[in-house]
Amino acid sequence: MTPARLALLVTLSLGIGACATNPVTGREELSLVSGREEIAIGEQQYGPAQQAQGGPYYLDPKLQDYVRSVGNRLAAGSDRKLPYEFVVLNNPVPNAWALPGGKIALNRGLLVLLESEAQLAAVLGHEIVHAAAGHGAQQQAKDTLLGVGLAVLGVATSSSGYQDLVMQGAQVGGALVQTRYSREAELEADHYGMNYMARAGYDPQGAVQVQELLLRLSAGKPQGGLFASHPPSQERVDANRRTARKLGPGDDGREEFQRETAPLRRDQPAYAAYDKGLAAMNAKRYEEALKFSNTALKLQDREALFHELRGVASAQLNRPVDAIKSYNQAIARNQGFFRPYLLRGMLHLKRGNLDVAREDLTVANRLFPTADATLGLGDIAARQGDTQTAIRYYEPVAKSNSSLAPAARERIAKLRGYSR
């Protein structure tokens, strides 16, 4: 632990902070974390948070460029200059989030619900304000400094099923990207985000439309995704309408938005089949899951998630050769996502291919550390007679909140008993 980090932990534990002027609201506020520390937290956690939420959407790099350009246009008018970054994630849940320091993400599941560039600007502007005003940064900073790294490691991804893998984002994101903002913070993010929209030339009515959309979608739905972290309300709709009237009209950008998002929209039937396959997989209807994965692949062969689902279904149907072929296809299409490496590595470990399994699990852990990969690496070392290396892998799992922690502790006790 660095001296600076130790000092910050002491400061947090004592509840000591300093007053600072909020660059967005102009109010004097208690600040537990410096601007430099906010930026460092965002930079450290942005990559793992993306992995936990499905990884970047990679099928259409032009879409990433487009969303980034809209975000940068808004960030240019922000009241706080930060190293802003914007990414579209390969996640079906309607959600968007901001980490401290200006690291912002938008799920494809929300993007396909929007209809104009002004609506996209409303979502991104809202998140820019959360970062610029430090909404949630103090609590997120505490979570990060006091144990999010361990929480990431503690996410168990069951090698005998698929549901835990699908739930990775929900479990890890609870600490970093699902912070439930206060009513005041949400109203502030709406208000100042609309001001940023106006500065960039966008029609503030886009923010009204987004809130109306989310309020309709949230009716009678579980409070997950955007509805949990950014709960919509009629109060927010009414406040946005008042702000829009004061700011006046602007550019809607509907045609350009529809053009730039057209490829993603064309792939929605494939993703719909994939979602049905996931549901079947988690219900242990493996043949049905395989059928839906094949349907999705016929519509879009370049999506690694579809190959991955076919691999998991094949593994559950005791077709390991087919499963490994599907994982190979998934990795060939998206080498930057941890999950196919983890799945392939665990299958190789089960089949006794220790050296190949170690390579895959090492890559998986480099992209995103999990308890499964770490325990698997310990098992490989133990089976190869390297007791000390095995224990080094088992120990962080044993100390984590993973369901695999008891197994790791049992393995450590057994190895230490053998080594005496």
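The present account deals with the structure reproduced in this document. (Residues numbered from 1 in each chain as written. Predicted model: local features only at pLDDT ≥ 70, side-chain atom pairs only at ≥ 80, totals over all residues. Heavy atoms only, no water.)

Take empty space enclosed by the protein next. Across all of its chains, the model carries three cavities of 30 Å³ or more by this definition. Estimated volume of the largest cavity: approximately 180 Å³. Considering the residues around the largest cavity, the lining is formed by 17 residues, among which Ala122, Val123, His126, Asp190 and Gln211 are closest to the centre. Elements with a minimum of two residues in the lining of the largest cavity: helix H5 (117-132), helix H9 (183-199), helix H10 (205-218) and helix H12 (234-247). It is H9 that contributes the most residues to the lining of the largest cavity, five residues altogether. Residues belonging to the lining of the largest cavity are distributed by class as follows: nine nonpolar, five polar and three charged. Counted as a void, the second largest cavity has a volume near 40 Å³. (1 Å grid on protein atoms, 1.4 Å probe; cavity = no way out; pocket = protein on both sides within 12 Å on 5 of 7 lines; lining within 4 Å. Points joined across faces, edges and corners; volume = space filled by probe spheres on them. Helix = DSSP H or I, 4+ residues; strand = E, 2+ residues; numbered from the N terminus. Nonpolar A, V, L, I, M, F, W, Y, C, P; charged D, E, K, R; others polar.)

With respect to topology, three strands assemble into an open sheet ordered S3-S5-S4, the strand pairing being mixed. At either end of the open sheet lies a strand with only one pairing partner, and these are strand S3 (85-89) and strand S4 (96-99). On average, each strand axis in the sheet is tilted by 20° relative to the strand beside it, whichever way the strands run. With four bridges connecting them, S4 and strand S5 (residues 103-107) associate as antiparallel partners. Of the residues in S5, the one forming a bridge with Ala96 is Leu106. In the packing of helix H2 (residues 35-52) onto the sheet, the strands contacted are S3, S4 and S5, and the crossing angle to S4 comes to about 150°. (Pairing = 2+ DSSP bridges. Axes fitted to C-alpha atoms, helices over the stretch in contact; angles between N-to-C directions. Contact = heavy atoms within 4.5 Å.)

For the coordinates displayed, the defined rule picks out 22 salt bridges. Of the charged contacts, one joins Glu188 and Arg27 as a salt bridge, the two residues approaching to 2.3 Å between their closest N and O atoms. You can see Glu188 sitting in helix H9 and its partner Arg27 sitting in the loop between strand S1 (18-21) and strand S2 (28-31), a full 161 residues away along the chain. Overall, Arg27 belongs to the partly exposed group, its relative accessible area being 40%. Here Arg411 makes a salt bridge to Asp379, at a shortest N to O gap of 2.7 Å. You can see Arg411 sitting in helix H23 (residues 405-419) and its partner Asp379 sitting in helix H21 (residues 371-383), a full 32 residues away along the chain. Looking at Arg411, the relative accessible area reads 28%, which means it is partly exposed. With a relative accessible area of 15%, Asp379 lands in the buried category. Here the salt bridges do not stand alone but share partners, grouping Glu115, Asp252 and Arg254 into one network. (Salt bridge = Lys/Arg side-chain N within 4 Å of Asp/Glu carboxyl O. Buried < 20%, exposed > 50% of the residue type's maximum accessible area, 1.4 Å probe, protein only.)

In the structure shown here, the tally under the stated rule is seven aromatic pairs. Ring geometry for Phe337 and Phe338: centres 5.2 Å apart, planes at 75°, overall edge-to-face. When its relative accessible area of 3% is taken as the criterion, Phe337 is described as buried. Residue class for Phe338 comes out buried when judged on its relative accessible area of 1%. Among the aromatic residues, those joined into a cluster by ring pairs are Tyr271, Tyr274 and Phe306. (Phe/Tyr/Trp six-rings, centres within 6.5 Å; stacked < 30°, edge-to-face > 60°.)

Let us look at the packing of H10 against H12. Between H10 and H12, the shortest axis-to-axis distance is 8 Å and the interhelical angle comes to 165°. By the angle between their directions, the pair H10 and H12 is classed as roughly antiparallel. Between H10 and H12 lies a crossing of left-handed hand. From H10, Gln205, Ala207, Val208, Gln211, Glu212 and Leu215 reach across to H12, where they touch Gln234, Arg236, Val237, Asn240, Arg241 and Ala244. Per-class residue counts for the contact of H10 with H12 are five nonpolar, four polar and three charged. (Parallel < 35°, antiparallel > 145°, perpendicular 65-115°, else oblique. Left-handed = near helix turned anticlockwise from the far one by under 90°.)

This brings us to H2. The first and last C-alpha atoms of H2 sit 25 Å apart over 18 residues, in line with the 26 Å expected at 1.5 Å per residue. Of all bends in H2, the biggest is about 40°, found at Gln45, and the proline Pro48 comes one to four residues later. By the burial criterion, the buried members of H2 are Glu38, Ile41, Gly42, Gln45, Tyr46, Ala49, Gln50, Gln51 and Ala52. Looking one or two places after H2, you find Gly54, whose phi comes out positive at around 110°. (Expected span 1.5 Å × (residues − 1). Bend = angle between axes of the 7 residues up to and from the residue.)

Time to look at the nonpolar core. Membership of the largest hydrophobic core comes to 84 residues, with the highest contact counts inside it found for Val67, Leu74, Tyr84, Leu111, Leu114 and Leu120. The element that contributes the greatest number of residues to this core is H5, accounting for nine residues. Within the second largest apolar cluster, 12 residues are counted, among which are Val397, Ala398, Leu404 and Ala408. (Core = buried A, V, L, I, M, F, W, Y, C linked by side-chain atoms within 4.5 Å.)

In this section: the side chain of Asn91. Within the secondary structure, Asn91 is located in the loop between S3 and S4. Polar side-chain contacts of Asn91 include one of 2.9 Å to the backbone oxygen of Gln53. (Polar contact = N/O pair within 3.5 Å; in protein donor to acceptor, adjacent residues only side chain to side chain.)

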